[in-house]
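# Structure at a glance
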Amino acid sequence: GAGVSQSPSNKVTEKGKDVELRCDPISGHTALYWYRQRLGQGLEFLIYFQGNSAPDKSGLPSDRFSAERTGESVSTLTIQRTQQEDSAVYLCASSPRGIGEKLFFGSGTQLSVL
Amino acid sequence: GQQLNQSPQSMFIQEGEDVSMNCTSSSIFNTWLWYKQDPGEGPVLLIALYKAGELTSNGRLTAQFGITRKDSFLNISASIPSDVGIYFCAGQIAGANSKLTFGKGITLSVRP
């Protein structure tokens, strides 16, 4: 597609449930990032995929969070046993090569944990 | 890790005014990027800077890569209501697999 696509755009879940968020990057972009943005806050780095290199998971806040990426395409961010503090917008971004390159963001998934 | 400082957290200006935003760091960056985020959307790239001293314009926006490589500023001239949003700076240091670091953003409000 023309831009980074994220789904769903909104997700409401109950505390304790697992959720999966999906990101389709721009075709040909080798680098993919996940960020979390709490209401009124900045962007909190979660995880970074670059080509076939091992992902940089240094931003994942707990072992309830994990992400996968299939080759240089779709990525899913999984949050297990969701907590209310997980409520936030989860943004995905991709870039052509990663280093020194501009990021292009999706519109995000608004996650609400009740 | 590297930190980018943006302040104040919020700015309020009158339509037609110019506004300047600064982004500073204690680390040296090789790339500076400025993004704008509208409500309910992801950030959109405004200007990218790759060289110390570089001054780049995009319409009413002008950004500069500081000579020390530790700061950057963004100017918006003759502000209009649609300039409202959150403005993020982002920087990238040299080195393999170096990822972008984002500032906390400045929320700009424009009074008509």
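Reading guide: rules and limits
- Residues numbered from 1 in each chain as written.
- Chains lettered and ligands numbered in written order.
- Predicted model: local features only at pLDDT ≥ 70, side-chain atom pairs only at ≥ 80, totals over all residues.
- Heavy atoms only, no water.
- Phe/Tyr/Trp six-rings, centres within 6.5 Å; stacked < 30°, edge-to-face > 60°.
- Helix = DSSP H or I, 4+ residues; strand = E, 2+ residues; numbered from the N terminus.
- Buried < 20%, exposed > 50% of the residue type's maximum accessible area, 1.4 Å probe, protein only.
- Contact = heavy atoms within 4.5 Å.
- Buried area = accessible area lost by both parts, 1.4 Å probe.
- Salt bridge = Lys/Arg side-chain N within 4 Å of Asp/Glu carboxyl O.
- Polar contact = N/O pair within 3.5 Å; in protein donor to acceptor, adjacent residues only side chain to side chain.
- Pairing = 2+ DSSP bridges.
- Axes fitted to C-alpha atoms, helices over the stretch in contact; angles between N-to-C directions.

### So, the packing of aromatic side chains
To describe a pair of aromatic rings, one takes the distance between the centres and the angle between the planes. Tallied over the entire structure, the rule returns 11 aromatic pairs over all chains. Here the aromatic rings of Tyr 35 of chain B and Phe 102 of chain B are separated by 5.6 Å at their centres, their planes lie at 45 degrees, and the arrangement is tilted. Taken together, the positions of Tyr 35 of chain B in strand β4 (residues 31–37) and Phe 102 of chain B in strand β10 (residues 101–102) put the pair 67 residues apart, joining distant regions of the chain. Summarising the burial analysis for this pair, Tyr 35 of chain B and Phe 102 of chain B share the class buried. Three or more aromatic residues joined by ring pairs make a cluster, and in this case those are Tyr 33, Tyr 35, Phe 45, Tyr 48 and Phe 105 of chain A together with Tyr 35, Phe 88 and Phe 102 of chain B.

### A few points about the environment of Asp 18 of chain A
Residues and elements named next belong to chain A. Within the secondary structure layout, Asp 18 lies in the loop between β2 (10–13) and β3 (19–24). You can call Asp 18 partly exposed: its relative accessible area is 49%. Setting aside its immediate chain neighbours within four residues, Asp 18 contacts Ile 79, Gln 80 and Arg 81.

### Section: the interface of chain B and chain A
Each partner contributes to the interface: chain B provides 22 residues, whereas chain A provides 22 residues. Across the chain B/chain A interface, buried area totals approximately 1600 Å², and carbon plus sulfur atoms make up 56% of it. Here chain B is connected to chain A by zero salt bridges. Between the two partners, chain B and chain A, sit three residue pairs in polar contact (both at pLDDT 80 or more).

### Overview of the sheet that holds strand β6 (residues 55–58) of chain B
Residue and element names in this part refer to chain B. With antiparallel pairing, the five strands of this open sheet are ordered in space as β1-β3-β8-β7-β6. Each end of this open sheet is capped by a strand with a single partner; those strands are β1 (4–6) and β6. Averaged over neighbouring strand pairs, the angle between their axes works out to 20 degrees when direction is ignored. By the bridge criterion, six bridges tie strand β3 (residues 19–25) to strand β8 (residues 71–76) in an arrangement that is antiparallel. By the bridge assignment, Val 19 is partnered in β8 with Ile 76.

### Description of the environment of Asn 22 of chain B
Residue and element names in this part refer to chain B. In this fold, Asn 22 is placed in strand β3. Of the residues examined, Asn 22 reaches a relative accessible area of 34% and is grouped as partly exposed. Not counting residues up to four positions away in its chain, the partners in contact with Asn 22 are Asn 5, Gln 6, Ser 7, Trp 34, Ser 72 and Phe 73.

### So, unusual backbone geometry
Peptide bonds are trans in most cases, and residues, glycine excluded, mostly fall at negative phi. Between Ser 7 of chain A and Pro 8 of chain A the backbone carries a cis peptide bond, its omega angle lying at -10 degrees. Along the chain, the position of Pro 8 of chain A falls in the loop between β1 (5–7) and β2. The peptide bond linking Ser 7 of chain B to Pro 8 of chain B adopts the cis configuration, its omega dihedral lying at 0 degrees. Mapping Pro 8 of chain B onto the fold places it in the loop between β1 and β2 (10–14). The backbone of Ala 78 of chain B sits at a positive phi, close to 45 degrees, despite the residue not being glycine.

Nothing here speaks to function; it is geometry throughout.
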